[in-house]
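Each chain, letter by letter, is given below.
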Amino acid sequence: MKTCQMLYPRDTATRRAVSMDGMWRFQTDGQQEGRDEHWMDGLPGTDTIPVPASFQDFYTDKDMREFTGDVWYETDVFVPGEWEGQEVAIRFGCAAHRAEVYVNGVHMISHEGGFLPFLAVVTKIVRYNAFNKVVAVVNNELNVTSIPCGETKVLGNGKKMAHPYFDFFNYSGLLRPVKLITYPKEHIEDLSLVHTFQGADALVHYQVETTGEHPVTVEVFDGLSEKIASCTGKEGTLVIPHVHKWDIRDGYLYRFVIRIMDEETVIDEYHDYIGIRTIQIRGTEILLNGRSVYLKGFGKHEDSDIVGRGFNMGVMKRDLECMKWIGANCFRTSHYPYSEEIYQMADREGILVIDEVAAVGLFKSLMNFMEASTGRETAFFQAPTIPALLENHLQCVEDMICRDKNHACVIAWSLLNEPETTDAAAVPYFEKIFAKAHEADPQKRPRTFAMIMNSLPHNCKCYPFSDFLSLNRYYGWYMLGGYEISDAENAFRKELDAWEAKELDKPVVFTEYGADTNPAEHKLPSVMWSQEYQIEYLEMCHRVFDSYPFVAGELVWNFADFQTTEGILRMNGNKKGIFTRQRQPKMAAYYYKKRWTKDLS
Ligand code: CKX
C-alpha cells in the first residue's frame, strides 16, 4: 500500500507533525483478555512506560523482560480544531513485530512487520479540540512467516517464550517515535530521485506522486535561500550547475521543495534534504561518483542499555562520532531497517549505509552461529509456510525501499541475512525478492544478501543474485579458533581461492567477521575471548582480505557489544563489539583506527 506514510513527517506551510512521545499507559496481556475486556476503551492498570523504547529492560522481574505476547499501550492526544478539513493521522515509526491501533475505541489499522513506519489515518474518527484515546496492541511473537523468523514456545509453566532463529534479543514494543500529523486532502504522496552527472553539473530526475490533479512545482535550494533550480510538473529533470557532490565525510545536502499549486495558492508543500551522488558496480569495484571505494566499518544493532532497541538520539550521535574517530565510512543496518533519523544523520555526515530488511533467521536453527560451519541443511525453503513468509518479506522490501530510496547514504540493499542457500528451493524465493528490490528502487542500487558460512562457492545456489557478494565469515572464531588460527587462515584462503576461480567479476564485501571479546580480559600470550586475541584474529582476517583484489570492503561484526538471548555461548550478550555496549573502545578500536585512517577515501 503506498500512501504518504513513508514520507518523513515534517512541518511545512501545509503540514504539521506533533510528537506523541512520552509516558504511555502500559499493560501486558498474558491471559489474552484485553480484547474481550475492551481494553481498547482504556487499560485497567496504572503502570506507565516511555515511548519510544523497548519495554523489556525497565522492569526488575524476568516475566516482564521475557514477556511474549500482546502488550497494550494507551495515551490521550489532543487534536487541534484548526486541523478540521485536513487529513489527520498517527504515524508510528514502528511497532515490533505487529500492531493493532484503536482510536476512541474504534479499530483503525493492523500492521505486520516490526521495523518500518505505518500510518493510522484517523480523520473520520477523531474529535477536534478534544482529547482522543489512542490504544496500540503490540505483539512480539515470532513464527516462521514473520520477518524476522523464529518460534514461540510455551514453557511447562504456561509462559510463552520467543525463540528467535537469530541471536539478538527479541526487544519489542513501540521502539520509535510516534507522531500526530496533519496534511491536506490533496497531498504529495511520494518523491523519487535519480542522479546523473554531466561535466560539472548534475541532472536530477524527479518524480512526484500526488493524490490530485493540480500542478506541481519543484525547487532546489543551496543553503536556506539560494534557489538554484526549479521545474514544473510531476516528473522532470533539474540541472544543478557546478554541483557539490555528496561524498564520504562530505555530506553536502540540497533542500528539495515540492508544492501542489492552485494558481497562487499552495495546496500542499513538502521538503526534503537530498545528497547528489551516483553509486555503481564496475567489475570488482564499488564506485561512488565514479570513484572506487573500499567499505570500512561495521555491522551494527540498534541496542543500548535500558531502552534496548528503542530510539535513542544520544546513542546515535555517539555511534556516528565513534565511527568518524575510527575512520569508518560505512555500516550495515543489520538486521532490520533502522529508525529514519540515523539515515538523516548519515546523510549529513557522509557515511555510507547498506540498508538491510529484517529477513533474518531464514534458516531453521536456534543457534545458527554454531551450525554455520557444520553444513547442516534444514530445508527451510521447502516448508508450506513459505508463500506467507514471502508475502511479508516482499512487503517489507517494498516499504523499506519506499522509505529510504532518497537517502544519499544508502548505497545498497541487503535483502536477507544468512538464509539457507544450499537448497534449490531457495532460488525462486530469491528471484522474487531481488526482482522486487529492482522494481521498487528508482536508483537501481546494488542488491546483496549476507551469506552464512555454509554458503560456499561449491554449494551456494543463490549468490548469482547478488550484485556484490556479502560474506559473513568466522574462520578463527566459530571454526578453527584459538590455537588453530593458522589452519583458519589457510581454510579462509582456500575458500577465497575458490571464489576467485569462479571469475565472478563482482566485488566481495565482508559483512561480518569478528571474535567475542571480554573487555576485562587480557592475556599474554592470547587466548580466545581476550582483547589480545581479538586483535590477532582481526590481523589474520585483514592479511587474507588484503591479498585478494576483489575484496571491496570490511564491515566487522559488531560495532558494539549487544544483548542476546541468554545461553552457554553468550556471556550476557554478544561480545564481538569493537566498542563496549556503553560505546567505549576495546583495544581493537585503536588497532582499527590505525588501519582505517591511513587512507581516508
Ligand atoms: N551472524 C555464524 C549473524 C549475527 C550474529 C553472528 C554471531 C552470526 C554468526 C553466524 O546476527 O550475531 O554469532 O556473532
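In this text the structure is predicted, and so the values were computed from the model without any measurement.

**A look at the pairing of strand S27 (residues 447–451)**
- Within S27, five of the five residues are buried, leaving the element largely enclosed by the surrounding structure.
- As judged from the three bridges shared by strand S26 (residues 410–417) and S27, these two strands associate in the parallel manner. Bridge assignment links Asn-417 to a residue of S27, and that residue is Ala-450.
- Regarding the hand of the β-α-β motif, the stretch spanning S26, helix H6 (residues 426–440) and S27 is right-handed.

**Concerning the packing of helix H7 (residues 485–501) against helix H8 (residues 531–546)**
- It is the contact of H7 with H8, at a shortest axis distance of 10 Å, that shows an interaxial angle of 30 degrees. With respect to each other, H7 and H8 are oriented roughly parallel. The interaxial crossing formed by H7 with H8 has right-handed handedness. Residue-level contacts link Ile-485, Ala-488, Glu-489, Phe-492, Arg-493 and Leu-496 of H7 to Tyr-533, Glu-536, Tyr-537, Met-540, Cys-541, Arg-543, Val-544 and Phe-545 of H8.
- Classifying every residue of the contact of H7 with H8 by side-chain character gives ten nonpolar, no polar and four charged.

**A short note on the site of the ligand**
- Near the ligand, the surroundings consist of 14 residues, among which His-335, Glu-418, Tyr-478, Glu-512 and Lys-576 are the closest.
- Here Asp-167 contributes a side-chain N or O atom positioned 2.8 Å from an oxygen atom of the ligand.
- Contact between the ligand and Glu-418: a nitrogen atom at 2.7 Å from a side-chain N or O atom of the residue.
- Relative to its unbound accessible surface of 360 Å², the ligand loses 98% to contact with the protein.
- Here the residues of the shell around the ligand are counted per class, giving six nonpolar, three polar and five charged.

**A short note on the layout of surface pockets**
- The volume enclosed by the largest pocket comes to roughly 670 Å³.
- Residue lining of the largest pocket: 33 residues in total, with Gln-563, Thr-564, Thr-565, Glu-566 and Gly-567 positioned closest to the centre.
- In terms of residues, the lining of the largest pocket owes the most to one element, strand S11 (residues 160–164), which gives four residues.
- Grouping the constituent residues of the lining of the largest pocket by class yields 13 nonpolar, ten polar and ten charged.

**With respect to unusual backbone geometry**
- Here the bond from Ser-334 into His-335 is cis, since omega is -10 degrees, no more than 30 degrees from zero.
- Position of His-335 among the secondary structure elements: in the loop between strand S24 (330–332) and helix H3 (340–349).
- Geometrically, the link from Trp-557 to Asn-558 is a cis peptide bond, its omega value of 10 degrees lying close to zero.
- Of note, Asn-558 is situated in the loop between strand S30 (551–557) and helix H9 (587–597).

**Observations concerning the packing of aromatic side chains**
- Scanning all chains against the criterion turns up 41 aromatic pairs.
- By the ring-pair criterion, three or more aromatic residues cluster together here, those being Phe-298, Trp-325, Phe-559, Phe-579, Tyr-590, Tyr-591, Tyr-592 and Trp-596.
- Across the ring face of Phe-197, the terminal group of Lys-245 is positioned such that the distance to the ring centre comes to 4.4 Å.
- The lysine or arginine in question, Arg-255, covers the ring of Phe-221, its NZ or CZ lying 5.3 Å from the ring centre.

**A short note on H3**
- Of all ten residues in H3, seven are buried; the element is thus mostly enclosed.
- Among the residues of H3, those classed as buried are Glu-340, Glu-341, Ile-342, Tyr-343, Met-345, Ala-346 and Asp-347.
- The positive-phi residue at the C-terminal boundary of H3 is Gly-350, with phi of around 75 degrees.

**Let's talk about the sheet that holds strand S14 (residues 201–210)**
- The strand order across the open sheet formed by three strands is S13-S14-S17, and the pairing between neighbours is antiparallel. Looking at the sheet topology across the chains shown, the edges are occupied by strand S13 (188–198) and strand S17 (235–240). Direction aside, the axes of adjacent strands within the sheet are offset by 20 degrees on average.
- As judged from the ten bridges shared by S13 and S14, these two strands associate in the antiparallel manner. Along S14, the bridge assignment pairs Thr-196 with Leu-203.

**Considering the side chain of Asn-459**
- With respect to the element layout, Asn-459 can be found in the loop between S27 and strand S28 (469–472).
- Of the polar contacts made by the side chain of Asn-459, one reaches the backbone oxygen of Asn-454; its length is 3.1 Å.
- From its side chain, Asn-459 meets the backbone nitrogen of Leu-456 in a polar contact 2.8 Å long.
- With sequence-adjacent residues up to four places away left out, Asn-459 is seen in contact with Thr-421, Thr-422 and Asn-454.

**Points about the state of the cysteines**
- The final tally for this structure, using the stated rule, is zero disulfides.
- Summary of cysteine pairing: Cys-409 is not part of a disulfide, and the nearest cysteine sulfur, belonging to Cys-330, is at 9.8 Å.
- Exposure remark for Cys-409: the relative accessible area of 0% places this residue in the buried category.

**Here's the deal with empty space enclosed by the protein**
- Throughout the structure, instances matching the rule amount to eight cavities of 30 Å³ or more.
- Here the second largest cavity is characterised by a volume of approximately 140 Å³.
- As for the second largest cavity, its lining consists of 16 residues, of which His-301, Glu-302, Asp-303, Val-315 and Met-316 are closest to the centre.
- For the lining of the second largest cavity, the element with the most residues is helix H2 (residues 313–326), which contributes three residues.
- Tallied by class, the residues present in the lining of the second largest cavity amount to five nonpolar, five polar and six charged.

Cut-offs used in this document
Residues numbered from 1 in each chain as written. Predicted model: local features only at pLDDT ≥ 70, side-chain atom pairs only at ≥ 80, totals over all residues. Heavy atoms only, no water. Buried < 20%, exposed > 50% of the residue type's maximum accessible area, 1.4 Å probe, protein only. Helix = DSSP H or I, 4+ residues; strand = E, 2+ residues; numbered from the N terminus. Pairing = 2+ DSSP bridges. Right-handed = clockwise from strand over helix to strand, strands pointing away. Axes fitted to C-alpha atoms, helices over the stretch in contact; angles between N-to-C directions. Parallel < 35°, antiparallel > 145°, perpendicular 65-115°, else oblique. Left-handed = near helix turned anticlockwise from the far one by under 90°. Contact = heavy atoms within 4.5 Å. Nonpolar A, V, L, I, M, F, W, Y, C, P; charged D, E, K, R; others polar. Near = heavy atom within 4 Å. Polar contact = N/O pair within 3.5 Å; in protein donor to acceptor, adjacent residues only side chain to side chain. Areas by Shrake-Rupley, 256 points an atom, 1.4 Å probe, with all protein chains shown as cover. 1 Å grid on protein atoms, 1.4 Å probe; cavity = no way out; pocket = protein on both sides within 12 Å on 5 of 7 lines; lining within 4 Å. Points joined across faces, edges and corners; volume = space filled by probe spheres on them. Phe/Tyr/Trp six-rings, centres within 6.5 Å; stacked < 30°, edge-to-face > 60°. Lys NZ or Arg CZ within 6 Å of the ring centre and 35° of its normal. Disulfide = S-S within 2.5 Å.

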